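Below, each chain spelled out in residue letters.
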Amino acid sequence: MHHSWISGIGSAHPKGIVTNEELAKKIAQHGAETNDQWIRERTGICERRISSLKEDERNSSLGLRASLEAMEMANIQPQDIDLILYATCSPDTLVPSTACWLQKKLGALQAGALDLNAACSGFVYGLHLADQMIKTGAHKTILVIGGEVLSPYLNWGDRTSSILFGDGAGAAVVQRTHSDQSSRLFSTHVGSDGNLWDLFYIPAGGSNQEVTPEVYERQEHKMKMKGREIFKVACNTLATYAKKAIESNEFSVEDVDWIVPHQANLRIIENVAKKLNVPMDKVIVNVDRFGNTSAATVPTAFAEAVKTGKIKRGDLVLFDVFGAGLTYGSALLRW
Ligand code: UT7
């Protein structure tokens, strides 16, 4: 049986920075009230990047920039890619897939291309699928992207959800390992509980409800979230899936060099670190500068930590995620 490894990683964000103060003004224009202090204290977020929605900042365009960076690190060409898995819940278009838009932009014409939607857990779900496909020998070089432009789905009049999100994309090249190399993916675990669908959803725009003028008026084509309930489930499932990853590979928590958790709220991250008894200096955080970029949080935070030299080849790294669905997952790898 083959094993897989991540041979390259990259990230991209829109240029436009929106500070908490600027966001508070926008939210006020939509009839709600918030402020920098509340957002910082309750979420750890100071600013986020919001897409201009122009061609160079569409989801697949951010995915393109992240992919080119990952491919350069992996030293591969577009024609080497045999599958593109694009994890997103905010596609460029419903049809065709964002993966196909990216394939066109990359010129990776040998590759199969598809989107997968596991919301914020999507990148780990993508790694899960890529790892299995490499193990069976079906594919050799897979591009896995976690990318989102969720800003058009935010209801700016809803201060509990609109303060949290930002746009961005991260990409990983997943390949078959060479013999005798230590860098490899040890395991991936995924789970979900569809009974918790109403903690985070977009009511209209699918076959449940088309967008009529009345629906539009009620902003039901925008995100709805029960933040407090998600918070509790997230802390528990992140701890559970971190332990699953570590224990199933017979490592101990102390063996893990870095945890890269989903970046939704700094308080969730700190709560999970405490539950796992891991000091915060082993936890990668970028939510302060980018907010919650959904499927993009883990690959962008990881790519940034690799690029700045914090995470080094040979380090044991744990990815730990949760998202709408609800969905959960973790992955353990030797970078
Ligand atoms: O990728 C997954 C997506 N979602 C999540 O991960 C969300 C997880 N949940 C959270 O991050 C937090 O629950 C929130 C940041 C959404 C909310 O923080 P919280 O500490 O759970 O606040 P809360 O909902 O319990 O609200 C506390 C108070 C309330 O006022 P009262 O009832 O105590 O007077 C809210 O009305 O804070 C008020 N509030 C705000 N005040 C100023 C809620 N949002 C805001 C706001 N600015 N933006």
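Going by the structure above, here's the rest.
Residues numbered from 1 in each chain as written. Predicted model: local features only at pLDDT ≥ 70, side-chain atom pairs only at ≥ 80, totals over all residues. Heavy atoms only, no water.

A. Expanded view of the site of the ligand. In the neighbourhood of the ligand, 24 residues make up the surrounding shell, with Thr34, Arg42, Arg228, Asn265 and Asn292 lying closest. Contact between the ligand and Gly227: a nitrogen atom at 2.9 Å from a main-chain N or O atom of the residue. Relative to its free-state accessible area of 950 Å², the ligand is covered by the protein chains to the extent of 78%. Among the secondary structure elements, those contributing two or more residues to the shell around the ligand are α2 (36-43), α6 (159-162), α8 (227-248) and α9 (266-276). Top element by residues in the shell around the ligand is α8. It accounts for four residues. Within the shell around the ligand, the residues separate by chemical class into 12 nonpolar, seven polar and five charged. (Near = heavy atom within 4 Å. Polar contact = N/O pair within 3.5 Å; in protein donor to acceptor, adjacent residues only side chain to side chain. Areas by Shrake-Rupley, 256 points an atom, 1.4 Å probe, with all protein chains shown as cover. Helix = DSSP H or I, 4+ residues; strand = E, 2+ residues; numbered from the N terminus. Nonpolar A, V, L, I, M, F, W, Y, C, P; charged D, E, K, R; others polar.)

B. Fine view of the environment of Phe165. With respect to the element layout, Phe165 can be found in the loop between α6 and β7 (168-176). Overall, Phe165 belongs to the buried group, its relative accessible area being 2%. C-alpha of Phe165 to C-alpha of Ala138: the two residues are 27 residues apart in sequence and 36 Å apart in space. Phe165 has contacts with Arg48, Ile50, Leu150, Leu154, Phe200, Met223, Met225 and Asn292, leaving out every residue within four places of it along the chain. (Buried < 20%, exposed > 50% of the residue type's maximum accessible area, 1.4 Å probe, protein only. Contact = heavy atoms within 4.5 Å.)

C. Broad picture of the nonpolar core. In this structure, Phe165, Ile268, Leu318 and Phe322 are the most contacted members of the largest nonpolar core, which totals 47 residues. Counting residues per element, the ones that place at least two in this core are α1 (20-29), α8, α9, β12 (316-323) and β13 (327-334). Residue contributions to this core peak at 10 residues, all from α8. Looking at which domains feed residues into this core, each of domain 1 (4-176) and domain 2 (184-334) supplies at least three. Filtering out sequence-adjacent residues up to four positions away, Ile268 remains in contact with Phe231, Ala234, Cys235, Leu238 and Phe322. (Core = buried A, V, L, I, M, F, W, Y, C linked by side-chain atoms within 4.5 Å. Domains from an automatic or database assignment.)

D. Spatial organisation of the sheet that holds strand β4 (residues 83-87). The five strands are arranged β1-β7-β6-β4-β5 in an open sheet whose pairing can be described as mixed. Bordering the open sheet on either side are β1 (4-12) and β5 (112-116), each of which pairs with just one other strand. Strand-to-strand, the axes of this sheet are offset by a mean angle of 15 degrees, without reference to chain direction. Across the sheet, helix α11 (residues 297-307) lies against β1, β6 (141-148) and β7, angled at about 95 degrees from β1, the strand it touches most. (Pairing = 2+ DSSP bridges. Axes fitted to C-alpha atoms, helices over the stretch in contact; angles between N-to-C directions.)

E. Inspection of the pairing of β5 at higher detail. Relative to β5, β4 runs parallel, the two being bridged by five bridges. For Ala87, the partnering residue across the bridge sits in β5 and is Leu116. This β-α-β element, β4 to helix α4 (residues 98-106) to β5, shows right-handed connectivity. (Right-handed = clockwise from strand over helix to strand, strands pointing away.)

F. Quick look at α1. Inspection of α1 places Asn20, Leu23, Ala24 and Ile27 among the buried residues, and these make up the whole buried set. Projected onto a plane normal to the axis of α1, the buried residues spread over an arc of 105 degrees and lie on a single side. Counted as exposed and oriented over 90 degrees from the buried face of α1: Lys25 and Gln29. The inward-facing, buried residues of α1 abut β2 (17-19), α2, β3 (47-49) and α6. (Arc of directions from axis to C-beta.)

G. Molecular detail of a positive patch on the surface. Together, Arg42, Arg228, Lys232 and Arg267 make up a region of like positive charge exposed at the surface. Relative to the elements of secondary structure, Arg228 occurs in helix α8. Owing to a relative accessible area of 71%, Arg228 belongs among the exposed residues under this scheme. (Patch = residues over 30% accessible without salt bridge, like charges linked within 9 Å, V, L, I, M, F, W, Y side chains within 5 Å. Salt bridge = Lys/Arg side-chain N within 4 Å of Asp/Glu carboxyl O. Lys, Arg positive; Asp, Glu negative; His and termini not counted. Charge placed at Lys NZ, Arg CZ, Asp CG, Glu CD.)

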